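# Survey of secondary and tertiary structure
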Amino acid sequence: MQTTLIIIGLLVATIFIFRFIAMAKMKNTPLVADHAKVLTLTEKNFQQQTKNKVVLVDFWATWCAPCRMMAPVLNDVASELNGNSHVGKVDIQQYQQLANQFKVRSIPTLILFKNGKEINRFVGIKSKDFLLKEIAKVG
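Everything in this summary refers to the structure shown in the same document.

How each quantity is defined
Residues numbered from 1 in each chain as written. Predicted model: local features only at pLDDT ≥ 70, side-chain atom pairs only at ≥ 80, totals over all residues. Heavy atoms only, no water. Pairing = 2+ DSSP bridges. Helix = DSSP H or I, 4+ residues; strand = E, 2+ residues; numbered from the N terminus. Disulfide = S-S within 2.5 Å. Buried < 20%, exposed > 50% of the residue type's maximum accessible area, 1.4 Å probe, protein only. Contact = heavy atoms within 4.5 Å. Axes fitted to C-alpha atoms, helices over the stretch in contact; angles between N-to-C directions.

Turning next to the pairing of strand β5 (residues 117-123). The sheet contact formed by strand β4 (residues 109-114) and β5 spans 6 bridges and is antiparallel. Across the sheet, the residue bridging to Ile111 is Arg121, located in β5. In this antiparallel pair of consecutive strands, β4 and β5, the connection spans 2 residues, and Asn115 shows a positive phi of 55 degrees.

A word on the state of the cysteines. Summed over all chains, the structure comprises 1 disulfide. Here Cys64 is linked by a disulfide to Cys67, with a sulfur-sulfur distance of 2.5 Å. As the torsion about the S-S bond is roughly 75 degrees, the Cys64-Cys67 disulfide counts as right-handed. For the pair Cys64 and Cys67, one class covers both residues: buried.

Before going further, it helps to spend a moment on the sheet that holds β4. What the 5 strands build is an open sheet, ordered β1-β3-β2-β4-β5; its pairing is mixed. On the outer flanks of this sheet lie β1 (39-40) and β5, each paired with one strand and no other. In the packing of helix α3 (residues 65-80) onto the sheet, the strands contacted are β2 (54-60), β3 (85-91) and β4, and the crossing angle to β3 comes to about 155 degrees.

Laid out in C-alpha cells, this is it:
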C-alpha cells in the first residue's frame, strides 16, 4: 500500500514538473515578425480587406504564448497562398471592438472569411497543413 502511494506521488510530481517546464518554454516563445503577405487588420480596414477574397484572420495578443507559437505557422501559410487567399491578423488588445463583434472568447482564434462573411472558425494551435486544407476547401 505504501509503495503504491509513493509511486503515485512520484508520478504526480513528475507530471507537475513537466507541466512547469512546458509552461516556461511557452512563456519564453519570442515574438516573430509577420510575413510580408500577412495583412494587418484594423477596425478601419477590416471590411475592405476581407471583401471579395478568402482571408484567414488570426485574433491574437502579444501576451498570449500559444498566439506567439502560431505566428511562424501563419507566416508559412501566408507564404504559400496565391491568388485571392490571404492571412490577416487582429491584435485584440488594440482592436477590442473587432474581437467583440466576432465573439472571440479565447485566443488564438482563427476565423476563415469568404467575401467578408465567416465560413469557419478554429480555436487553439493548428498546423500549417490543416489550415491550408481548410482554406483550399473554401477557395
